[in-house]
Amino acid sequence: MSKNKKKYNVAVVGATGIVGESFLDILTVRDFPLGEIYAIASDRSAGKTVRFGEGIIEIIDIASFDFSKVDIAFFSAGSEVSEMYAKEATKKGVVVIDNTSCFRYDDEIPLIVPEVNPAAIANYSKTNIIANPNCSTIQMLVALKPIHDLYSIQKIIVSTYQAVSGSGKSGINELLEQTHSYMNQQEIGINVYPKQIAFNVIPFVDSFNDNGYTKEEMKMVWETHKILDKNIDVNATAVRVPVITGHSESITIETKKPVDVNALKDKYNDLDYIKLLDDPKTDEYPTAFINGAGTDSVYVGRIRKDLVNDNVLNIWVVADNVRKGAALNSIQIAELLIKGNFL
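Residues numbered from 1 in each chain as written. Predicted model: local features only at pLDDT ≥ 70, side-chain atom pairs only at ≥ 80, totals over all residues. Heavy atoms only, no water.

Engineer: Got a minute to help me understand the side chain of T160 in this structure?
Structural biologist: Tracing the backbone through its elements, the reader meets T160 in strand β8 (residues 153–162). Relative accessible area serves as the criterion here: at 0%, T160 is assigned to the buried category. Side-chain polar atoms of T160 contact the side chain of Q162, separated by 2.8 Å. Not counting residues up to four positions away in its chain, the partners in contact with T160 are S136, M220, T237, A238, V239, S248 and E249. (Helix = DSSP H or I, 4+ residues; strand = E, 2+ residues; numbered from the N terminus. Buried < 20%, exposed > 50% of the residue type's maximum accessible area, 1.4 Å probe, protein only. Polar contact = N/O pair within 3.5 Å; in protein donor to acceptor, adjacent residues only side chain to side chain. Contact = heavy atoms within 4.5 Å.)

Engineer: Which parts of the structure should I look at to understand the sheet that holds strand β5 (residues 72–75)?
Structural biologist: Two strands in a sheet stick together by hydrogen bonds in their backbones, pointing the same way (parallel) or opposite ways (antiparallel). The seven strands lie next to each other as β3-β4-β2-β1-β5-β6-β7, forming an open sheet whose pairing is mixed. With one partner strand each, in any of the chains shown, β3 (49–52) and β7 (129–131) form the two edges of the open sheet. Each adjacent strand pair in this sheet contributes to an overall mean axis angle of 30 degrees, direction not counted. Looking at chain direction, strand β1 (residues 8–13) and strand β2 (residues 34–41) are connected through five bridges and run parallel. Across the sheet, the residue bridging to V13 is I40, located in β2. Packed onto the sheet, helix α8 (residues 323–339) meets β1, β5, β6 (95–98) and β7 and runs at close to 150 degrees relative to β6. (Pairing = 2+ DSSP bridges. Axes fitted to C-alpha atoms, helices over the stretch in contact; angles between N-to-C directions.)

Engineer: What is the right way to look at the packing of helix α1 (residues 18–29) against α8 in this model?
Structural biologist: Packed helix pairs are specified by the crossing angle of their axes together with the interaxial distance, meaning the distance between the axes. Packing of α1 against α8 brings their axes to within 9 Å, and their N-to-C directions diverge by 50 degrees. As judged from the angle between their axes, α1 and α8 are oblique. Of the two possible hands of crossing, α1 and α8 adopt the one that is right-handed. Where α1 approaches α8, its residues V19, S22, F23, D25, I26 and L27 are matched on the opposing element by R323, A326, A327, L328, S330 and I331. (Parallel < 35°, antiparallel > 145°, perpendicular 65-115°, else oblique. Left-handed = near helix turned anticlockwise from the far one by under 90°.)

Engineer: Quick question: what am I supposed to make of the pairing of strand β10 (residues 247–255) here?
Structural biologist: In summary, the side chains of a regular strand alternate between the two faces of the sheet. Across eight bridges, β8 lies against β10 in antiparallel orientation. Bridge pairing in β10 places V158 opposite I251. Two elements, β10 and strand β13 (residues 312–319), share eight bridges in a ladder whose sense is antiparallel. Of the residues in β13, the one forming a bridge with E249 is V317.

Engineer: In this structure, what is going on with the pattern of salt bridges? I would like to understand it.
Structural biologist: Side chains that carry opposite charge are capable of pairing whenever their charged atoms lie near each other. Applying the stated criterion to the full structure yields 14 salt bridges. Residue K92 pairs with D66 through a salt bridge whose shortest N-O separation is 3.7 Å. Here D66 lies in the loop between β4 (55–61) and β5 and K92 lies in the loop between α2 (79–90) and β6, a separation of 26 residues in the sequence. Residue classification places D66 among the partly exposed residues on the basis of a relative accessible area of 32%. Its salt-bridge partner being K145, residue D149 comes within 2.9 Å of it at the nearest N-O pair. Of the two residues, D149 and K145 are both situated in helix α3 (residues 135–151); the distance of four residues between them amounts to about one turn of the helix. In the salt-bridge network here, residues are joined through shared partners; they are D25, D296 and R323. (Salt bridge = Lys/Arg side-chain N within 4 Å of Asp/Glu carboxyl O.)

Engineer: When you look at α8 in this model, what are you seeing that I'm missing?
Structural biologist: Side chains of residues three or four places apart in an α-helix project in the same direction, reflecting 3.6 residues per turn. For α8, built from 17 residues, the straight-helix expectation of 24 Å at 1.5 Å per residue is missed by more than 12%, its first-to-last C-alpha distance being only 21 Å. Considering bend angle alone, the principal kink of α8 is centred on N329 and spans about 40 degrees. Here α8 lies mainly inside the structure; 14 of its 17 residues are buried. Once α8 ends, the next one or two residues include N341, with phi positive near 55 degrees. (Expected span 1.5 Å × (residues − 1). Bend = angle between axes of the 7 residues up to and from the residue.)

As structure tokens, then:
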């Protein structure tokens with residue numbers, strides 16, 4: 001692959017999914033040096049079309065697609081698909097940016113949040129694969145990096161409030177169908193989640209591990225160690241809530257140095273990718289419906305120190321889990337590669 005190209009051909013694998021659709025949407029509005037775009041999915045979707053800007057493009061079966069046509073492939077079709085095709089794509093000279101959990105914990109594959117650990121991207125050439133972190137981890141670490149830089153984080157306790165779009169279109173449909181059934185006094189079907197999600201809160205995301213934590217909770221532990229600092233203690237509780245899009249997080253942070261809240265707010269205000277909404281007098285704070293759907297920033301509010309300990313801070317963080325938590329972060333990784341003349 002020749003470097004310093006003016007245009008880059010891109011494949012979106014999993015183009016029919018909610019994240020795939022977000023990839024296509026963001027690529028039409030962002031100033032990305034895009035050449036040809038290919039929408040890739042399974043043979044079940046081959047021949048169908050998806051919207052791209054003002055037009056439509058035809059979906060190609062991944063089994064028959066020639067990856068040598070592209071420079072960058074965004075994979076977001078599940079770990080099984082990534083395991084089967086990602087390394088085959090790299091053999092054709094493609095850089096794969098993978099949005100599944102398939103490669104996140106491979107020591108040779110960088111796990112990147114561009115606002116947090118951009119320098120680690122240089123290691124991509126060992127495998128030509130870069131992993132996109134879990135959506136909950138991304139927004140948390142974007143918000144915590146300035147705190148870590150200023151005051152050195154030692155411990156994180158986080159509770160997530162995760163939207164059903166984290167489960168894809170099936171999760172959204174389940175919430176909408178259950179809500180309709182509830183409002184019309186009909187029998188409620190339960191398929192995607194182990195319990196009713198409409199008008200309910202479920203303290204369970206992904207699957208349980210032997211240690212009593214869910215895989216989603218452990219992802220936040222493992223990924224924080226790989227991306228931010230391996231010496232930080234992390235304790236997570238992941239909760240599914242009846243919200244369509246937008247993850248929210250309540251985070252308690254213990255730091256080595258005493259926290260100056262005003263200095264931290266000044267730091268947040270200096271960063272264009274973080275939006276500070278924190279004025280209790282006017283009920284200004286981020287919410288999933290208003291700030292976590294169709295947005296690209298990470299929103300922070302409810303900043304307050306512990307009542308007795310100057311080294312303990314509480315914050316509230318909201319972001320669009322489909323955009324910043326998946327598609328946008330992956331596209332930002334690609335932009336980082338291009339800006340750094342890696343491609």
